[in-house]
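Each chain, letter by letter, is given below.
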Amino acid sequence: MPPRLLLALAFSVGALGGCFLSPNVPPSFRYTCETDDDCAVVTCRDDVLPIRDAEAQGLAVGCDTPEAIADPTSAYGYRQRCVSGLCQFPCALASYQNDCPTGKGYNFCFNGNCAHLCGTDDARYPDADATCPDPQKCVIFGEDIDLGALSAFLPSGGGGQSGGSSQFGGSSQALDLNELEGAGICGVRCDAEGAPACAPGEYCSGAMCLPGCDKPGATPCVDGQTCVAFGGFSACLATCSADAPCPEGLVCAPGVNVCVTTCIGADAVPCTDGFTCDPTLEICVPDDGALTTG
Amino acid sequence: MTTRPLALVGLLALSTACAGVQPQLTALPDQRLASLGNLGARSSFEIRTLYAAPEAPPPADAPPKPRKRAVTPILFTIGVVGASLLGAGAFSTGVASYGLRRRLDNSYFDGGLSYDEYDRINTNGERLSDATWGLGISAFAFAAMALIAYSVDWQRCGPLAPKRRRVAAPPGRCEEFGGTSGPQQPAK
């Protein structure tokens, strides 16, 4: 081999190997785990810290406290849990924008976990499942996930589908379903073998858990909550009674004894379509009056 | 008044003129040898090559002058060996570092990585990377030392210099280490 070629080869290998820069971790990658202790928290300074270290340091929860604002390293805002052998951030479909760490590229809440999009670049990654960590698969919107059913839980103006809004959700995210069609989301289908059960008050719609505690096979509500169904929607709401009043900003709906937002007063929340504010009950009631508990 | 400047001019003329006067040649012992010129004067060729002329051989009974031992071969050998060993080390650590990087890339979606595994691979990779740079720079320094040693030796026609260098070197360059300058007679 000519000396010059040998020299160039040596420098090339040296440059390749010597430049072991911290590799860019793919956004959809999830660290493996066996227990929650194998996972991490995100501190208020946006540092990723193992849960073991966070507990050893006595980090507090929440970044809005004066202590956390003064010292962002003394508290954490997000905590992972071990689900299906992967460290994931828990979330709810209606509030994933607040539940998932900001600036990490999370696009959606799929089956209770913050998730990333996949299948958006078929040219470079023809096998979309290969871009998701095992055992997750790329669940395609429009094929595996019924956009019509999903749109009911998204705010109106959700993009081309039959927009709707949940009385219970209070969701504020503006998700354009038109952009999602054809793409997918990395996650474990709820109907897959060994998949974790849906969150309380949700049911498995095929691949994705959707709110609906009155649906067949839905996960029961937790203790202290009651499944309330009206207007085609159902949700688990906190029960209340004379001995157990509702938290501030909520009122105890008579008859069903669940805490709901009030439509009168300082904490009033306007009623959505299909609901009317009852001045006596101080809550929004369905126009057809169909309100059931289960 | 007019005689004084004339006297000064005359004195100046005499003094300058006298500076260019060659001293009288010593009288030759025999007038018949006058055509040989001054035998004590050096020609311009002799003056130019005066310091390049080889020294007179020492007397036979004089102790032999100790030959100057060259340091450059030692430095050259150390440089080559050091550069080779360190270069091989840099190559090895570089390959290992690259292998760890590839292992990371392949593990993201095939087999998975825990935080501990990722941290361990990342830490080892950065250490190997640092080692690659350190060994590489050290190897480069040793190679430079070997090159400098060889260059100095070549310039002085030392033991490392090729034979043709000693033959083609300017006069007086290659005697220090026992070499000879100038055109050599071909071996018969």
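Residues numbered from 1 in each chain as written. Chains lettered and ligands numbered in written order. Predicted model: local features only at pLDDT ≥ 70, side-chain atom pairs only at ≥ 80, totals over all residues. Heavy atoms only, no water.

Caption draft 1: The arrangement of the state of the cysteines in detail. All names here are of chain A. The tally for this structure, following the rule as stated, stands at 15 disulfides over all chains. Put simply, Cys-240 and Cys-252 are joined by a disulfide, and their sulfur atoms are 1.8 Å apart. Between Cys-240 and Cys-252, the S-S torsion sits near 85 degrees, and that sign places the bridge as right-handed. One end of the pair, Cys-240, is in the loop between strand S15 (233–238) and strand S16 (250–253); the other, Cys-252, is in strand S16, and 12 residues separate them in sequence. Disulfide pairing places Cys-263 opposite Cys-277 at an S-S distance of 2.0 Å. (Disulfide = S-S within 2.5 Å. Helix = DSSP H or I, 4+ residues; strand = E, 2+ residues; numbered from the N terminus.)

Caption draft 2: Seen up close, the interface of chain A and chain B. Of the residues lining the interface, 29 residues belong to chain A; the matching set on chain B comes to 27 residues. Of the roughly 2100 Å² buried between chain A and chain B, counting both surfaces, carbon and sulfur atoms make up 66%. A per-residue breakdown of the area chain A buries against chain B is headed by Phe20(A), Pro23(A) and Tyr31(A), which together make up 32% of the total. Taken together, the links from chain A to chain B amount to four residue pairs in polar contact (both at pLDDT 80 or more). Ranked by residue count, the leading element in the side of chain A that touches chain B is helix H1 (residues 3–18) of chain A, at five residues. The residue inventory of the side of chain A that touches chain B, partitioned by class, reads 17 nonpolar, nine polar and three charged. (Contact = heavy atoms within 4.5 Å. Buried area = accessible area lost by both parts, 1.4 Å probe. Polar contact = N/O pair within 3.5 Å; in protein donor to acceptor, adjacent residues only side chain to side chain. Nonpolar A, V, L, I, M, F, W, Y, C, P; charged D, E, K, R; others polar.)

Caption draft 3: How the structure looks around the pattern of salt bridges. All names here are of chain A. Enumeration according to the criterion identifies eight salt bridges over all chains in this entry. One salt bridge in this structure joins Asp-121 and Arg-124, with 4.0 Å as the shortest N-O distance. Assessed through its relative accessible area of 26%, Asp-121 is described here as partly exposed. Residue Arg-124 is classed as exposed on the basis of its relative accessible area, which comes to 60%. For the salt bridge of Asp-144 with Arg-189, the shortest nitrogen-to-oxygen distance reads 3.2 Å. Placement of the pair is Asp-144 in the loop between strand S10 (137–140) and helix H5 (147–151) and Arg-189 in the loop between strand S11 (184–187) and strand S12 (202–204), with a sequence separation of 45 residues. (Salt bridge = Lys/Arg side-chain N within 4 Å of Asp/Glu carboxyl O. Buried < 20%, exposed > 50% of the residue type's maximum accessible area, 1.4 Å probe, protein only.)

Caption draft 4: Up close: the confidence of the model for chain B. Residues and elements named next belong to chain B. Here chain B averages 73 in pLDDT, and 55% of its residues register 70 or above. When the elements of chain B are averaged for pLDDT, helix H1 (residues 3–19) gives the smallest value, 46, and helix H4 (residues 115–155) the largest, 92. For residues 8–25, every residue scores under 50 in pLDDT, and the model assigns this stretch zero contacts once sequence neighbours within four places are set aside. In the model, residues 181–188 has pLDDT below 50 throughout and makes 13 contacts with residues more than four positions away in sequence or in other chains. Scoring of the predicted complex yields 0.67 for pTM and 0.71 for ipTM. (pLDDT = per-residue confidence, 0-100.)

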